[in-house]
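# Structural characterization, general
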Amino acid sequence: MSDMSLFFEDVDTYLEQADLDSAKAEEKARRKNRFLAIACLVGVTLLFGEFITAKVIKPSMSSPKVTVTGQENYTAQEIAVKLLPLNATSWWNFDVKKAVNILSSDASIGKVKVTKTFPDKITIQVTERVPVCTTLIVDNGRSVPMQIDSEGVLFSAGTKKSVNLNDMPIVSGIPVEHYSSGMRIPQKYKGLIEQISKIQHQNSKYFASISEICVVPKEFGNYELVLIPSNSHVKILTDRTLNSDALNTMMVTLDIVRELGTDIGEVDLRYGSVSYRLRNESRVSQQKEENEDMGIMG
């Protein structure tokens, strides 16, 4: 009986030892797996950190990549030079508002949009002013050619790729005092610029036949126009209305003057009738019948 008891005690001891060994093995396996998991996590974290450093932190802390679009008179490098006063050494300290103010201070630039894209991209979209005519102003005692856009803004003349300067008339006589960059012409002349812009959109070739448009001030703040043809010595007097019909009438009148072969120096198309003045003579008013003989209806 005692032998059986000893046998069962040995069996119990063996089983307990087996369970203990199994538990130790499982604990060892768990520790090993935990270590491997921690090692993998640390490795992934380090790799992710390196990736973030290479792709995000370093680019955002270095000089930003600037892309310029929309410009025609400037290169991207010239735009970048204008922004040197920002002293932007990184994407973080690139001041969008100051960049817009700097570029907008250039009178030839109408609109500027600056966008920052994390971590290192700066996009600058420029809209340059489109000239509709050229004028001369006196600046510091010198006559300087300037261009005027459809909004009446004066800006430095340049060779714009999308504009044919031969189709752009010269407008003289607009008073400009104390010129400053980006200033506008007097309000009362803005209508003339708008008319010129409208004609250019309809058919810019009209202005190929006009050398100059002279603004002649009148009393009480009004003005009239004198058109100087490109291929004729005859001056054309007209009122403030400048449109395709007025230019057609001018060209028809010039054709008739050439056919007549007379020494006419000036044709007056104002007041709904036509009169002319010979060179070095006073203006000779023509009756309706004479206008009809010339083929011009008063």
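Residues numbered from 1 in each chain as written. Predicted model: local features only at pLDDT ≥ 70, side-chain atom pairs only at ≥ 80, totals over all residues. Heavy atoms only, no water.

## Let's talk about the overall build of the chain
Counting its regular elements, the chain contains six helices and 13 strands. A burial count over the chain gives 33% of its 298 residues as buried. In the chain, of all internal contacts separated by at least 6 residues, the share reaching a separation of at least 24 is 50%. Approximately 18,800 Å² of the chain is accessible, and the part contributed by carbon and sulfur atoms is 55%. (Helix = DSSP H or I, 4+ residues; strand = E, 2+ residues; numbered from the N terminus. Buried < 20%, exposed > 50% of the residue type's maximum accessible area, 1.4 Å probe, protein only. Contact = heavy atoms within 4.5 Å. Areas by Shrake-Rupley, 256 points an atom, 1.4 Å probe, with all protein chains shown as cover.)

## Re the packing of aromatic side chains
Counted according to the given criterion, the structure contains four aromatic pairs. Between Trp91 and Phe118, the aromatic rings sit 5.2 Å apart at their centres with planes inclined by 80 degrees, giving edge-to-face as the arrangement. Here Trp91 is found in the loop between helix 2 (76-82) and helix 3 (96-104), whereas its partner Phe118 is found in the loop between strand 2 (109-117) and strand 3 (121-128), with 27 residues between them in sequence. The interplanar angle of 40 degrees and the centroid separation of 5.0 Å between the aromatic rings of Tyr189 and Tyr223 together place this pair among those described as tilted. With Tyr189 in the loop between strand 7 (170-172) and helix 4 (190-203) and Tyr223 in strand 9 (residues 223-229), this pair connects stretches of sequence that are 34 residues apart. Classification of Tyr223 as buried rests on a relative accessible area of 3%. Ring pairs connect the aromatic residues Trp91, Trp92 and Phe118, which therefore count as one cluster. (Phe/Tyr/Trp six-rings, centres within 6.5 Å; stacked < 30°, edge-to-face > 60°.)

## Details of the sheet that holds strand 1 (residues 65-69)
The strand order across the open sheet built from three strands is 1-3-2, with neighbouring strands paired in mixed fashion. Each of the sheet's edge strands pairs with one partner strand only, and the pair in question is strand 1 and strand 2. Looking at each pair of strands side by side, their axes are set apart by 15 degrees on average, direction ignored. Sheet analysis places strand 1 next to strand 3, joined by five bridges and oriented parallel. (Pairing = 2+ DSSP bridges. Axes fitted to C-alpha atoms, helices over the stretch in contact; angles between N-to-C directions.)

## A few points about the pattern of salt bridges
Tallying each qualifying case throughout the model produces 10 salt bridges. Arg184 is paired through a salt bridge with Glu151; the nearest N and O atoms lie 4.0 Å apart. In this pair, Arg184 sits in the loop between strand 7 and helix 4 while Glu151 sits in the loop between strand 5 (142-149) and strand 6 (154-156), placing the two residues 33 residues apart along the sequence. In this structure Arg184 comes out as partly exposed when scored by relative accessible area, which is 47%. According to the relative accessible area criterion, Glu151 is partly exposed, its value standing at 40%. The closest approach of N and O atoms between Glu224 and Lys218, which form a salt bridge, is 3.2 Å. According to the relative accessible area criterion, Glu224 is buried, its value standing at 12%. Three or more residues joined by partner-sharing salt bridges are found here, namely Arg129, Asp149, Glu151 and Arg184. (Salt bridge = Lys/Arg side-chain N within 4 Å of Asp/Glu carboxyl O.)

## Digging into a nonpolar patch on the surface
On the surface, Ile38, Val42 and Leu46 cluster together into a nonpolar patch covering about 280 Å² of accessible area. Looking at the element boundaries, Leu46 is found in helix 1 (residues 2-61). On the basis of relative accessible area, Leu46 is assigned to the exposed category, the value being 55%. (Patch = residues over 30% accessible without salt bridge, like charges linked within 9 Å, V, L, I, M, F, W, Y side chains within 5 Å.)

## Examining the nonpolar core
Within soluble globular proteins, side chains that are nonpolar generally end up buried alongside one another. Within the largest apolar cluster, 36 residues are counted, with the highest numbers of intra-cluster contacts made by Ile213, Leu242 and Val267. For this core, the secondary-structure elements that each account for two or more residues are strand 4 (131-139), strand 5, helix 4, strand 8 (210-217), strand 9, helix 5 (244-260) and strand 11 (264-268). Core analysis: the second largest hydrophobic core is formed by 15 residues, Trp91, Phe94, Leu103 and Val112 among them. (Core = buried A, V, L, I, M, F, W, Y, C linked by side-chain atoms within 4.5 Å.)

## Focus on helix 5
Given 3.6 residues per turn, any residue in an α-helix points the same way as the ones three and four places further on. For helix 5, spanning 17 residues, the distance from its first C-alpha to its last is 24 Å, which sits close to the expected 24 Å at 1.5 Å a residue. Within helix 5 the residues assigned to the buried category are Ser244, Ala246, Leu247, Met250, Thr253, Leu254, Ile256 and Val257. The opening residue of helix 5, the one whose side-chain oxygen lies 3.2 Å from the backbone nitrogen of Asp245, is Asn243. (Expected span 1.5 Å × (residues − 1). Polar contact = N/O pair within 3.5 Å; in protein donor to acceptor, adjacent residues only side chain to side chain.)

## Comments concerning the confidence of the model for the chain
For the chain, the mean per-residue pLDDT works out to 79, and 77% of the residues sit at or above 70. Taking the mean pLDDT of every element in the chain, the minimum, 44, falls on strand 13 (residues 283-284) and the maximum, 94, on helix 3. Below a pLDDT of 50 lies the segment residues 282-294, which in the model reaches 23 contacts outside its immediate sequence neighbourhood of four places, other chains included. (pLDDT = per-residue confidence, 0-100.)

## Some details on the pairing of strand 9
Across the seven residues that make up strand 9, a large majority, seven, are buried. Of the strand pairs in this sheet, strand 8 and strand 9 are connected by seven bridges, and their pairing is antiparallel. Bridge pairing in strand 9 places Ile213 opposite Leu227. Examined bridge by bridge, strand 9 and strand 10 (residues 235-238) share three bridges and lie antiparallel to one another. Looking across to strand 10, one finds that Leu227 is bridged to Ile236. Turn length for the strand 9-strand 10 hairpin, with the two strands adjacent in sequence and antiparallel, is five residues.

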